[in-house]
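Below are the chains, spelled out letter by letter.
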Amino acid sequence: MQETLTTSKLVTPIGGNLVDLLVHPEQLPELLAHAKELPSIRLSERALCDLELLAIGAFSPLERVAGEMRLENGQLFPIPITLPVDQDARVELDSEVSLLDSRNEIVAVMRVEEIYDWDLPEIAQQVFGTNDVRHPIVAEMHRWGKRNVSGHIKVLRLPRHYDFLDLRLSPNQTRSRLEQLGAENIVAFQTRNPLHRAHEEMTRRATEDVNGVLLLHPVVGMTKPGDIDYFTRVRTYKALANNYYDPKRILLALLPLAMRMGGPKEALWHALIRRNYGANHMIVGRDHASPGNDSNGKPFYGPYDAQELVKNFEEEIGVRVLAFGEFVYLPEEDRYDDVHKLKPNAVTAQVSGTLAREWYRDGGVDLPSWFARPEVAAAIAETYPPRHKQGFCVWFTGLSASGKSTTAEILTVLLQELGRQVTVLDGDVVRNHLSRGLGFSREDRDANIRRIGFVAAEIVKHHGAVICAAVSPYRATRNGVRSLVGPERFVEIFVNTPLDECERRDSKGMYAKARRGEIKDFTGIDDPYEEPLQPELELDTLRQSAEENARAVLAYLIEKGFLKAGS
């Protein structure tokens, strides 16, 4: 049960009270028996995260899934909380459905009050300002159900967690702990990365500026694909909180949020959530909740867009922005400062997010003492080996008969020569083993590619090398796989062979059958192939042999640190 909230000096929750959707224990047996008789919907990992935060009041005053940017009472809520379902889902208006977790156990009951189709391009543009499938959530949206359902929810139980139980605090519990620390001003810090020493200085300075307490509130739900796992991150946060902060000026608590990587609107959403946890200030740094670069290699959002948007709504949401620029190290003075406050020609050492990710990605090797605490470096090194020992996925895409499989076969031998064990997932072979029974409709082809992507992601997660060769004609699906594997470990190779050359090479006669109408929806004939906009490599099979192309891919992998030359 949640801790009781007494009279508080803290800012009130949005709407005045925290929503609590958990069913009273006395009602559980009867409701569970009733729920077993209802049609059911299996929730995704994202939906389960949303359900948990709805239930404990983190999304207060929201009490139901809803697609609007503002609630019916006019309250701002910039990220819609929706429940997409497939067309064949057994849902009817004014009826109830059971909501299931990944183990098919009942977690809640919803009374369906709305069922409506949603428009992907419109919603993506409205929420994220883009339809570019390099945005990880836009790519993910392409596999969501095409209808949304909404309604009031009764939660039977929260998702089960077995880790870091002392840090998994509800809004009520967090407020009680903050009350015990006796501060009126609470500064929330949102993070999905390990903290380096510039973060320490930023958070310490922010807390001192308002004479408050730091709520170190890392996300442990879904973050950006490729991020360091939260188990490793939380170990670093605990080490920092226990050894480098005043225990009377910090509270470490975990937030099981499914991030949307929505930049400015996400920052505003984070501020609303943190107010429910008791914060009246929030640090909004550079590139808050950034999804990275778009298909043209440009950032989706400006570095300080999030700060500006949240500042515009400070009065309405009751959370003051503590805005900082990039913090840098001044080696001659052995201190950190905001780049906006430096003297001209100041000598600095950068601690940018990009540099941080490179060091972390390489297993915390040789992290300089000015950059990260030794406990942080050690925790990362325990989990992540040097990059040349980590996993990666080489994904060959192109028309049928373009030369993908041949190049992949040669690359496999070259990798084995260097001592790497390699798993090959060829599209045709996978169809015989993992995807037997699937046809060639868009939905079935997407399902096949997602299955290949799932297996590839598992191999990469466990430090394996995997080579995939599949037509994979749709950008959204390929980018979905990129997100699943992790963008920094995914190498997209566009085997760019003209259609007429593919037809000439086709020993199976597939193109001829497609042109005679014997095969429907064949890629390149009556179904489109969407070329990659910014692949890591593009191969020319007319001017270069398959071996030359394979060696070009090998050289790229060595250049990017996935392999050691001559190892």
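Every value quoted in this text rests on a predicted model; they were computed, and no experiment measured them.

Caption draft 1: Region of the structure containing the side chain of R147. Considering the arrangement of structural elements, one finds R147 in strand β6 (residues 147-150). Despite its burial, R147 remains without a salt bridge, the nearest opposite charge being carried by D117 at 5.3 Å. If sequence neighbours within four positions are ignored, R147 has contacts with L83, P84, V85, D86, Q87, D88, A89, V91, I115, Y116, D117 and W118.

Caption draft 2: Expanded view of the packing of helix α13 (residues 404-417) against helix α19 (residues 546-559). Following both chains from N to C, one finds α13 and α19 inclined at 50°, their axes separated by 8 Å at the closest point. With respect to α19, the element α13 is oriented oblique. In the crossing of α13 with α19, the sense of the turn from one axis to the other is right-handed. Residues T406, T407, I410, L411, L414 and L415 of α13 form the contact with α19, whose own contacting residues are A546, E547, N549, A550, R551, V553, L554 and L557.

Caption draft 3: Structural context of the packing of aromatic side chains. Per the counting criterion, the structure on display carries 13 aromatic pairs. On the numbers, 5.0 Å between centres and 80° between planes, the contact of Y511 with F522 is edge-to-face. Of this pair, Y511 sits in helix α18 (residues 510-515) while F522 sits in the loop between α18 and β19 (537-540); the two residues are 11 residues apart in sequence, bridging distant segments of the chain. Site record: aromatic cluster; members linked through ring pairs are Y329, Y336, W370 and F371. Of note, R387 hangs over the ring of F562, and the distance from its end group to the ring centre comes to 4.1 Å.

Caption draft 4: Up close: the sheet that holds β6. If you trace the three strands from one edge of the open sheet to the other, you get β2-β6-β5, paired in antiparallel fashion. Of all the strands in the sheet, the pair left with one neighbour each is β2 (83-85) and β5 (114-117). Between one strand axis and the next, the sheet turns by 35° as a mean value, whatever way the strands run. Where β5 and β6 come together, four bridges link them in antiparallel fashion.

Caption draft 5: Quick peek at the sheet that holds strand β4 (residues 106-111). What the four strands build is an open sheet, ordered β1-β3-β4-β7; its pairing is mixed. Two strands bound the open sheet, and with one partner strand each, they are β1 (40-42) and β7 (153-155). Averaged over all pairs of adjacent strands, the angle between their axes in this sheet comes to 25°, without regard to strand direction. Bridge count for β4 against β7 is three bridges, and the pairing is antiparallel. Each bridged residue has a counterpart across the sheet, and for M110 the counterpart in β7 is I153. In the packing of helix α1 (residues 28-35) onto the sheet, contacts are made with β3 (96-100), β4 and β7, and the angle to β4 comes to roughly 75°. Lying over the sheet, helix α2 (residues 45-56) contacts β4 and β7, oriented at roughly 90° with respect to β7.

Caption draft 6: Spatial organisation of the packing of helix α15 (residues 442-461) against helix α16 (residues 475-485). In the contact formed by α15 and α16, the axes pass within 9 Å of each other and the chain directions differ by 20°. What the angle tells us is that α15 and α16 run roughly parallel. The two elements α15 and α16 cross, and the hand of that crossing is right-handed. Listed contacts from α16 to D446, I449, R450, G453, F454, A456, A457 and V460 of α15 are T477, V481, L484 and V485. Split into classes, the residues belonging to the contact of α15 with α16 amount to eight nonpolar, two polar and two charged.

Caption draft 7: Structural context of the environment of A346. Mapped onto the secondary structure, A346 falls in the loop between β14 (335-338) and α11 (353-361). A relative accessible area of 30% places A346 in the partly exposed class. Along the sequence, A346 and L43 sit 303 residues apart, while their C-alpha atoms lie 53 Å from each other.

Caption draft 8: Quick look at the side chain of K404. Relative to the helices and strands, K404 resides in helix α13. Buried within the structure, K404 lacks any salt-bridge partner; its nearest side chain of opposite charge belongs to D426, at an N-O separation of 7.4 Å. In this structure K404 touches F396, T397, G398, L399, A469, A470, V471 and V495, once residues within four positions along its chain are discounted.

Reading guide: rules and limits
Residues numbered from 1 in each chain as written. Predicted model: local features only at pLDDT ≥ 70, side-chain atom pairs only at ≥ 80, totals over all residues. Heavy atoms only, no water. Helix = DSSP H or I, 4+ residues; strand = E, 2+ residues; numbered from the N terminus. Buried < 20%, exposed > 50% of the residue type's maximum accessible area, 1.4 Å probe, protein only. Lys, Arg positive; Asp, Glu negative; His and termini not counted. Salt bridge = Lys/Arg side-chain N within 4 Å of Asp/Glu carboxyl O. Contact = heavy atoms within 4.5 Å. Axes fitted to C-alpha atoms, helices over the stretch in contact; angles between N-to-C directions. Parallel < 35°, antiparallel > 145°, perpendicular 65-115°, else oblique. Left-handed = near helix turned anticlockwise from the far one by under 90°. Phe/Tyr/Trp six-rings, centres within 6.5 Å; stacked < 30°, edge-to-face > 60°. Lys NZ or Arg CZ within 6 Å of the ring centre and 35° of its normal. Pairing = 2+ DSSP bridges. Nonpolar A, V, L, I, M, F, W, Y, C, P; charged D, E, K, R; others polar.

Read these as layout, nothing more, since geometry by itself doesn't imply function.
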